[in-house]
Amino acid sequence: MTLPTVPELAALIDHAVLKPTQTERDVVDACTIARREHIASVCVKPFYVPDCARLLKDSGVLTSTVIGFPHGGQAPEVKVSTALNAMRDGATELDMVINIGALIEKDYDTIEKEIASVVGVGHAANALVKVILETAYLDDAQKAIAAQIAVASGADFVKTSTGFGPEGATVEDVRLLRQVVGTSVGVKASGGIRTLDDALAMIEAGANRLGTSSTVTILGDLRERRGER
């Protein structure tokens, strides 16, 4: 693939600040990087949404947060409540984890209900909703079914992983999800994307958003490869 420019690649990155041990200082540092690099968003735990939104105000960088993270086991009503609270605090993108167990036992009504409910409140507030499938726990048929339900329920993106499962994004999963959702819904690759080559491979497979905490390394490597530093 043609090497993207630094702004082109930066515009695809959601910088993740989601590790259990990360603090307000990490959020501040992430927002500083985000403003400098003009990335798509900073994704933080719900507790830090107010800080993130304040730090990113008027920067053009969005505040995103996670719903039902990382295992997806909350009731749909709890996920909706978390989404509403996060949006009141300033979040404009919501990355929600599906109920993985419900999907595995073919309780598709629960999956449809929770996605549609979060999408409903999200879209009412002009927020994007990305649906995390946690692909490492699923076979290809389950991944396809989950993605189809997400599309039918109005999701804006399907997303591979939380980054806290047994495996992160793979090229094969990104390619499969893109094939299932077509061109009208986004595909976010997340988990284990640490190098420029990782990022480029995901984009070539069909991802149009990348979740990573290695933003500085990836964009620095791109500048070096382009001879810009």
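Residues numbered from 1 in each chain as written. Predicted model: local features only at pLDDT ≥ 70, side-chain atom pairs only at ≥ 80, totals over all residues. Heavy atoms only, no water.

**Student:** I'd like a rundown of the state of the cysteines, residues and numbers included.
**Tutor:** This model, assessed by the stated rule, comprises zero disulfides. Distance from the sulfur of Cys-43, which forms no disulfide, to the nearest cysteine sulfur (Cys-52) is 8.6 Å. Cys-52 carries a free sulfur, and the closest cysteine sulfur to it, the one in Cys-31, is 3.8 Å from it. (Disulfide = S-S within 2.5 Å.)

**Student:** So, the packing of helix 9 (residues 196-205) against helix 10 (residues 215-225): which residues are in play, and what are the values?
**Tutor:** Relative orientation of the contacting elements helix 9 and helix 10 amounts to 90°, with a least axis distance of 8 Å. The orientation of helix 9 relative to helix 10 falls into the category roughly perpendicular. From helix 9, Leu-196, Asp-197, Ala-199 and Leu-200 reach across to helix 10, where they touch Ile-218, Asp-221, Leu-222 and Arg-225. For the contact of helix 9 with helix 10, a count of residues per class yields five nonpolar, no polar and three charged. (Axes fitted to C-alpha atoms, helices over the stretch in contact; angles between N-to-C directions. Helix = DSSP H or I, 4+ residues; strand = E, 2+ residues; numbered from the N terminus. Parallel < 35°, antiparallel > 145°, perpendicular 65-115°, else oblique. Contact = heavy atoms within 4.5 Å. Nonpolar A, V, L, I, M, F, W, Y, C, P; charged D, E, K, R; others polar.)

**Student:** Account for the sheet that holds strand 2 (residues 41-44), naming residues and giving values.
**Tutor:** The strands making up a sheet associate through backbone hydrogen bonding, with each pair oriented either parallel or antiparallel. Strand order in this closed barrel of eight strands is 1-2-3-4-5-6-7-8, and the pairing throughout is parallel. Sheet twist, expressed as the average angle between the axes of neighbouring strands with direction ignored, equals 25°. One ladder, built from four bridges, connects strand 3 (residues 62-67) with strand 4 (residues 93-97); its direction is parallel. Bridge pairing in strand 4 places Ser-64 opposite Glu-93. (Pairing = 2+ DSSP bridges.)

**Student:** A description of the pattern of salt bridges should follow, citing residues and the corresponding values.
**Tutor:** Overall, the coordinates contain 18 salt bridges when judged by the stated rule. Between Asp-173 and Lys-143 there is a salt bridge whose closest N-O contact spans 2.7 Å. Residue Asp-173 is found in helix 8 (residues 171-181), and its partner Lys-143 is found in helix 7 (residues 140-152); the two are separated by 30 residues along the sequence. Just as Asp-173 is buried, Lys-143 falls in that class too. Put simply, Arg-226 and Glu-228 hold a salt bridge, and the shortest N to O gap is 2.8 Å. Linked through salt bridges whose partners overlap, the residues forming this network are Asp-14, Glu-93, Asp-95, Lys-130, Lys-159, Lys-188 and Arg-209. (Salt bridge = Lys/Arg side-chain N within 4 Å of Asp/Glu carboxyl O. Buried < 20%, exposed > 50% of the residue type's maximum accessible area, 1.4 Å probe, protein only.)

**Student:** Kindly report on the nonpolar core, identifying the contributing residues and their values.
**Tutor:** If you look at soluble globular proteins, the nonpolar side chains tend to sit buried side by side. One finds Val-42, Leu-94, Ile-98, Ile-115, Val-131 and Leu-210 to be the most contacted residues of the largest nonpolar core, which totals 71 residues. The element that contributes the greatest number of residues to this core is helix 9, accounting for six residues. (Core = buried A, V, L, I, M, F, W, Y, C linked by side-chain atoms within 4.5 Å.)

**Student:** Describe helix 3 (residues 49-56), with residues and values.
**Tutor:** Taken as a whole, helix 3 has its buried residues at Val-49, Asp-51, Cys-52, Ala-53 and Leu-56. Considering only its buried residues, helix 3 is in contact with helix 2 (24-37), strand 2, strand 3 and helix 4 (76-89). Taken from the residues just after helix 3, Asp-58 is the one with a positive phi, measuring 65°.

**Student:** An account of helix 4 is requested, with residue identities and associated values reported.
**Tutor:** Note that an α-helix has 3.6 residues per turn; residues three or four places apart therefore point the same way. With 14 residues, helix 4 should reach 20 Å at 1.5 Å per residue; the first-to-last C-alpha distance of 20 Å fits that figure. Here helix 4 has its buried residues at Pro-76, Lys-79, Val-80, Ala-83, Ala-86 and Met-87. Buried positions in helix 4, seen along its axis, are confined to an arc of 130° and lie on one side of it. Turning to helix 4, the residues buried within the fold contact helix 3, strand 3, strand 4 and helix 6 (108-124). The positive-phi residue at the C-terminal boundary of helix 4 is Gly-90, with phi of around 120°. (Expected span 1.5 Å × (residues − 1). Arc of directions from axis to C-beta.)

**Student:** Can you explain the environment of Ala-152? Please cite residues and give values.
**Tutor:** With respect to the element layout, Ala-152 can be found in helix 7. Residue classification places Ala-152 among the exposed residues on the basis of a relative accessible area of 67%. As a C-alpha pair, Ala-152 and Leu-62 span 90 residues in sequence and 25 Å in three-dimensional space.

**Student:** Residues and numbers for the packing of helix 2 against helix 10, please.
**Tutor:** Close contact between helix 2 and helix 10 brings their axes to 11 Å; oriented N to C, the two are set at 30°. The angle between helix 2 and helix 10 places the two elements in the roughly parallel class. Our pair here, helix 2 against helix 10, has a crossing hand that is left-handed. Where helix 2 approaches helix 10, its residues Ile-33, Arg-36 and Glu-37 are matched on the opposing element by Thr-215, Val-216, Leu-219 and Arg-223. (Left-handed = near helix turned anticlockwise from the far one by under 90°.)

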